[in-house]
Amino acid sequence: FPWNFSAKIFVGFNSNSFLKEFNNKVQPSFGIGLFTKKTLFHPNFAIGIGFETSLLMSNFTFQASQNDSSLNGFYFTKDRSPKLFNSITNKGFQFQTPLQVYWKFKKFSPSIGVFATISHYKSTFIGSSGSSPISLDETQTYNAKAFYFGYLAQFEYQITSVWSVALNYSFAEAKKLVFDN
């Protein structure tokens, strides 16, 4: 059984533990992916791995002054300067590496799998401009990356031997959030 390479365009719904905290439970998305699949044990059964990028259609901004979350509070940089969390905004893009099992039935392939993903956010903190006396008098912007692990379910339709379209649902659990500027 040879390795098969393919590309797909998909629409779907994403959900993750980080966004649920901000009452943004499910986000519609669309994306594109490149995959390689290997048929195993049976001509209709395959395992595949790929790379996807998707655009989340619902952007949100969370303001700490208007809501309570686990992000609210002070953070300290490597040089120990204090930063007060102010807001986080969804940039809308995520990159995902799924590992899936497929069962092919004519041109249809339902699948389930697991994945690792990185989502990008923009965050603002209130920090010191460096003037004396030290006070929190300046809004500072940081990029934030969230690292997730999760599961997905997908229903794919093969258009050609190389291209397919799919409906997708994924849920992920946030494992780490990193701020950098």
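Treat the numbers as computed from the prediction; the structure is a model and nothing was measured. (Residues numbered from 1 in each chain as written. Predicted model: local features only at pLDDT ≥ 70, side-chain atom pairs only at ≥ 80, totals over all residues. Heavy atoms only, no water.)

Participant: Explanation requested: the packing of aromatic side chains in the structure shown.
Facilitator: All told, the structure shown has eight aromatic pairs when counted by the stated rule. Measuring from centroid to centroid gives 5.5 Å for Phe108 and Phe155, while their planes differ by 25 degrees, and the two rings are stacked. Placement of Phe108 in strand E7 (residues 108–127) and of Phe155 in strand E8 (residues 138–158) is noted, with a sequence separation of 47 residues between them. By relative accessible area, Phe155 is classed as partly exposed at 41%. Geometrically, the ring pair formed by Phe108 and Tyr157 is tilted, given 5.1 Å between the ring centres and 55 degrees between the ring planes. Of this pair, Phe108 sits in strand E7 while Tyr157 sits in strand E8, placing them 49 residues apart in sequence. By relative accessible area, which is 33% here, Phe108 ends up partly exposed. Put simply, the rings of Phe85, Phe125, Tyr142 and Phe179 touch in pairs and so form one group of aromatic residues. Across the ring face of Tyr102, the terminal group of Lys37 is positioned such that the distance to the ring centre comes to 4.1 Å. (Phe/Tyr/Trp six-rings, centres within 6.5 Å; stacked < 30°, edge-to-face > 60°. Helix = DSSP H or I, 4+ residues; strand = E, 2+ residues; numbered from the N terminus. Buried < 20%, exposed > 50% of the residue type's maximum accessible area, 1.4 Å probe, protein only. Lys NZ or Arg CZ within 6 Å of the ring centre and 35° of its normal.)

Participant: What is the right way to look at the pattern of salt bridges in this model?
Facilitator: Between side chains of opposite charge, a pair can form when the charged atoms approach closely. Counted by the stated rule, this structure contains two salt bridges. Across the salt bridge formed by Glu52 and Lys8, the nearest N and O atoms sit 3.5 Å from each other. With Glu52 in strand E3 (residues 45–56) and Lys8 in strand E1 (residues 3–16), this residue pair connects regions lying 44 residues apart in the sequence. Just as Glu52 is buried, Lys8 falls in that class too. Here Glu156 and Lys37 are joined by a salt bridge, their closest N and O atoms 3.1 Å apart. Placement of the pair is Glu156 in strand E8 and Lys37 in strand E2 (residues 27–39), with a sequence separation of 119 residues. A single burial state applies to Glu156 and to Lys37, both of which are buried. (Salt bridge = Lys/Arg side-chain N within 4 Å of Asp/Glu carboxyl O.)

Participant: Which parts of the structure should I look at to understand the pairing of E8?
Facilitator: Note on strand geometry: in a regular strand, side chains alternate between the two faces of the sheet. The pairing of E7 with E8 spans 20 bridges and is classified as antiparallel. Looking at the pairing, Val114 lines up with Tyr151 of E8. Judged from the 16 bridges that link them, E8 and strand E9 (residues 163–180) form a sheet pairing that is antiparallel. Considered in E9, the bridge of Phe147 is made with Lys176. Between the antiparallel neighbours E8 and E9 lie four residues. (Pairing = 2+ DSSP bridges.)

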